[in-house]
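Chain by chain, the residues:
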Amino acid sequence: MIDLTLFRRKHQLWLRIAFMSFAVNDPWVKNRLYEFSQIEFRHLKWLAQSLYENNSEYDYDRDSRFSIESESFFTLLHITINEIKTLHLLYSANPLCTRMLHDENYMLLTLNAFLEKLSLDEPLHAFNRSRNWPDALLNTIELDALTLFLFEELYKEYELIMVYFYQQVQATTPAQVTHFQDLIDESHFHLRSFGEMMAKLGILALPRVLHERTYKIDNMEKFLRDGILEEENAKEECRKLSALITDEKLSSFFEFVNFQESYHIEIMKKLLEEKSWKN
């Protein structure tokens, strides 16, 4: 049966696999896990569409005990495998659940194959709070600024993904669907980038749970206008950090993100032109 419990569990599974991909060190494993997380996100969208079509509510609440932290990659693998198997008990005999089951059966084969490769069972540094940037020597001021920026922006990108996701499911025109998808895709890239940077610093952590007032929006025109101002502020924060960081690679990355935020504003302006939510 497709219900709120299944949606919440899938939401957690998407987060678990995505953040595990940020935490792990092996590049091939990291990419494969992130690909799996994107499959789980598509599952989540299909579940939301099914719930919406059946006039059923869903939210972004998580279990209070839900955590993605561990010192061991293999521990995270075992937790994920058990979580998927438990999730399968909630699936019913319909085309969507059948698709999700087959996808995750392949994921289980892959995760179990990782367990057979003992060289992958190395300590994870993503959660050790070391705040050491391995690619360059940063001073305390730079580290403090980078840490604060990453915590704030990781939460912001997660929030934007989930808000745009919620609105896309209820979109009424093809243009809305397209624009929301572009914004979701861009925020996924930023979430991954900031998550992997946090893992390098040893400060990887889940974003806080969203209150329903964040994504259940009564006035979309106001939300988009406020969102444009928020993007302008994000651009300014990127610019400040880029100017502060002395490492050229890091500085260039934040300048790159700054320019991406500029086009996000253009997409949001296009959404503002939609007549369906103009007062």
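Definitions and limits used
- Residues numbered from 1 in each chain as written.
- Predicted model: local features only at pLDDT ≥ 70, side-chain atom pairs only at ≥ 80, totals over all residues.
- Heavy atoms only, no water.
- Helix = DSSP H or I, 4+ residues; strand = E, 2+ residues; numbered from the N terminus.
- Buried < 20%, exposed > 50% of the residue type's maximum accessible area, 1.4 Å probe, protein only.
- Core = buried A, V, L, I, M, F, W, Y, C linked by side-chain atoms within 4.5 Å.
- Contact = heavy atoms within 4.5 Å.
- Axes fitted to C-alpha atoms, helices over the stretch in contact; angles between N-to-C directions.
- Parallel < 35°, antiparallel > 145°, perpendicular 65-115°, else oblique.
- Left-handed = near helix turned anticlockwise from the far one by under 90°.
- Nonpolar A, V, L, I, M, F, W, Y, C, P; charged D, E, K, R; others polar.

Asks: Explain unusual backbone geometry to me, using residue names and the numbers behind them.
Replies: For Asn 55, which is not glycine, the phi dihedral falls at a positive 55 degrees. For Asn 55, the position within the fold is in the loop between α2 (27-53) and α3 (73-88). Given a relative accessible area of 72%, Asn 55 falls into the exposed group.

Asks: Could you give me a rundown of the nonpolar core, with the residues and numbers involved?
Replies: Trp 14, Phe 73, Leu 146 and Phe 165 are the most contacted members of the largest nonpolar core, which has 94 residues in total. Counting residues per element, the ones that place at least two in this core are α1 (4-23), α2, α3, α4 (95-116), α5 (140-169), α6 (174-201), α8 (220-244) and α9 (248-272). Every residue in contact with Phe 165, bar those within four places of it in the chain, is listed here: Phe 7, Phe 41, Leu 44, Lys 45, Ala 48, Tyr 58, Tyr 60 and Ile 184.

Asks: Let's hear about the packing of α1 against α2: which residues, and what values?
Replies: At a minimum axis separation of 8 Å, α1 and α2 run at an interaxial angle of 160 degrees. It follows that α1 is roughly antiparallel to α2 by the angle criterion. The handedness of the crossing between α1 and α2 comes out as left-handed. Across the interface between the two elements, Leu 6, Phe 7, Lys 10, His 11, Leu 13, Trp 14, Ile 17, Ala 18, Met 20, Ser 21, Phe 22 and Ala 23 of α1 pack against Lys 30, Leu 33, Tyr 34, Phe 36, Ser 37, Glu 40, Phe 41, His 43, Leu 44, Leu 47, Ala 48 and Leu 51 of α2. Looking at the contact of α1 with α2 residue by residue, the classes come out as 17 nonpolar, four polar and three charged.

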